[in-house]
Amino acid sequence: MSRPMKTVFPVLFLLALAAKQVQPLNCYFCSSEKSWSDCQSQVQEAECTSFLVNALHSQLLVLNPSLPVMEPSGNVGFKCTEHHMRVDGEQAFMRACTYASVDVCAGWNPLLEVRTCESCTTDLCNSAVSRLALPLAALLGLVFLVTKL
């Protein structure tokens, strides 16, 4: 085999391997007990990571025990999310992200009325236009609301 061919195969292999790596995903994060506009006024942009998603899922386990907390891995994909929920007359509007493999719309506590549950997989796709987000501190308010029932 010629010298150039010996170099091409390893390079192609490395390119194919790199193509399989998951690209980072940026999502908007916010939450409000008032409205989507109030959520939007607090919005922050962040890159989804296993650490961030695991922290969010840990906070939401009381409301949705099906949300997994996973070991960090370089091959885990993510998606941005949007939720609008009601419980006992109170509302919560949230934007965040989760693992791509998670059905974030399933498994919620039956006391919650899930009015909006959407996800998307491109950078900042959970914008004010599509109304998709959620930070950690705001989740505590929702957890408190449900646990006081």
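Everything numeric in this text was worked out from a predicted model, so none of it was measured. Note that residues are indexed from 1 along each chain, following the sequence as it is written. Per-residue local features are limited, in this predicted model, to residues with pLDDT of at least 70; the limit for side-chain atom pairs, both in listing and counting, is 80 or more; totals at the level of whole chains, interfaces and linings are taken over all residues. Derived side-chain values reflect all non-hydrogen atoms in the structure, with water molecules and hydrogen atoms excluded from consideration.

### A closer look at unusual backbone geometry
Negative phi is the rule for most residues except glycine; trans is the rule for most peptide bonds.
Part 1 of the reasoning: Not every positive phi belongs to a glycine, and Asp 88 is a case in point at roughly 50°.
Part 2 of the reasoning: By definition, any uninterrupted DSSP run of H or I lasting at least four residues is a helix, any uninterrupted run of E lasting at least two residues is a strand, and each is numbered from the N terminus. Relative to the assigned elements, Asp 88 resides in the loop between strand 3 (78–87) and strand 4 (90–99).
Part 3 of the reasoning: Note on exposure labels: buried denotes an accessible area under 20% of the residue type's maximum, exposed denotes more than 50%, and partly exposed covers the range between, all computed with a 1.4 Å probe on protein chains only. Taking the relative accessible area as the measure of exposure, Asp 88 reaches 61% and is therefore exposed.
Part 4 of the reasoning: For Leu 124, which is not glycine, the phi torsion reads 55° and is therefore positive.
Part 5 of the reasoning: Mapped onto the fold, Leu 124 is located in the loop between strand 5 (113–120) and helix 4 (136–147).

### What about empty space enclosed by the protein?
Part 1 of the reasoning: Grid points spaced at 1 Å over the protein atoms alone were grouped into cavities, where a 1.4 Å probe fits but cannot get out, and pockets, open sets with protein on both sides within 12 Å along at least five of seven lines, with lining residues defined by an atom within 4 Å of a point. Grid points are joined across faces, edges and corners, and a volume is the space filled by probe spheres set on the points. Of the voids in this model, the largest cavity is the one considered here, and its volume is about 50 Å³.
Part 2 of the reasoning: Along the walls of the largest cavity sit 11 residues, with His 57, Leu 60, Cys 97, Thr 98 and Val 104 positioned nearest its centre.
Part 3 of the reasoning: Secondary structure elements with two or more residues in the lining of the largest cavity: helix 3 (50–60), strand 3 and strand 4.
Part 4 of the reasoning: Considering only residue class, the lining of the largest cavity consists of 7 nonpolar, 4 polar and no charged. For this classification, the nonpolar set comprises Ala, Val, Leu, Ile, Met, Phe, Trp, Tyr, Cys and Pro, the charged set comprises Asp, Glu, Lys and Arg, and every other residue, Gly included, is treated as polar.

### A short note on the confidence of the model for the chain
Part 1 of the reasoning: In this model, the chain carries a mean pLDDT of 78, and residues with pLDDT of at least 70 account for 70%.
Part 2 of the reasoning: Considering each helix and strand of the chain separately, the mean pLDDT is smallest for helix 1 (residues 3–20), with a value of 38, and largest for strand 1 (residues 26–32), with 95.
Part 3 of the reasoning: The quantity called pLDDT is the predictor's confidence in a given residue, expressed from 0 to 100. Any pair of residues with heavy atoms lying within 4.5 Å of one another is described as a contacting pair. Confidence drops under pLDDT 50 across residues 1–21; counting only partners more than four residues distant or on other chains, this segment forms 5 contacts.
Part 4 of the reasoning: With pLDDT under 50 throughout, residues 129–137 is counted as low confidence; its partners more than four residues away or in other chains account for 46 contacts.

### A look at the packing of aromatic side chains
Part 1 of the reasoning: Note on aromatic pairs: the rings of Phe, Tyr and Trp (six-membered ring only in Trp) are paired at centre separations within 6.5 Å, and the planes decide the class, stacked below 30 degrees, edge-to-face beyond 60, tilted for the rest. Taken as a whole and assessed by the stated rule, the structure comprises 2 aromatic pairs.
Part 2 of the reasoning: Between Trp 36 and Phe 93, the ring centres sit 5.2 Å apart and the planes meet at 70°, which makes this aromatic pair edge-to-face. Here the residue Trp 36 occupies a position in helix 2 (residues 36–41), and Phe 93 occupies one in strand 4, the gap between them amounting to 57 residues.

### Describing the sheet that holds strand 4
The strands that make up a sheet pair up through hydrogen bonds in the backbone, lying either parallel or antiparallel.
Part 1 of the reasoning: Strand pairing requires that DSSP identify at least two bridges connecting the strands. Sheet architecture is open: 5 strands sit in the order 2-1-4-3-5, paired in antiparallel fashion. Whereas interior strands pair on both sides, the edge strands pair on one side only; in this sheet they are strand 2 (44–47) and strand 5. Strand-to-strand twist of the sheet, defined as the mean angle between neighbouring strand axes without regard to direction, takes the value 25°.
Part 2 of the reasoning: Pairing of strand 3 with strand 4, which is carried by 10 bridges, proceeds in the antiparallel orientation. For Cys 80, the partnering residue across the bridge sits in strand 4 and is Cys 97.
Part 3 of the reasoning: For helices, the fitted axis covers only the stretch in contact; all axes are lines through C-alpha atoms, and the angles between them, taken along N-to-C directions, range from 0 to 180 degrees. Where helix 3 meets the sheet, its contacts fall on strand 1, strand 2, strand 3 and strand 4, and the angle it forms with strand 4 comes to roughly 145°.

### Considering the state of the cysteines
Part 1 of the reasoning: Two cysteine sulfurs form a disulfide in these notes if their separation is within 2.5 Å. Using the criterion set out here, one finds 5 disulfides in the structure.
Part 2 of the reasoning: Between the sulfur of Cys 48 and that of Cys 97 lies a disulfide, 2.2 Å long from S to S. Taken together, the positions of Cys 48 in the loop between strand 2 and helix 3 and Cys 97 in strand 4 put the pair 49 residues apart, joining distant regions of the chain. For the pair Cys 48 and Cys 97, one class covers both residues: buried.
Part 3 of the reasoning: If you count the bonded cysteines of the chain from the N-terminus, they pair up as 1-5, 2-3, 4-6, 7-8, 9-10.

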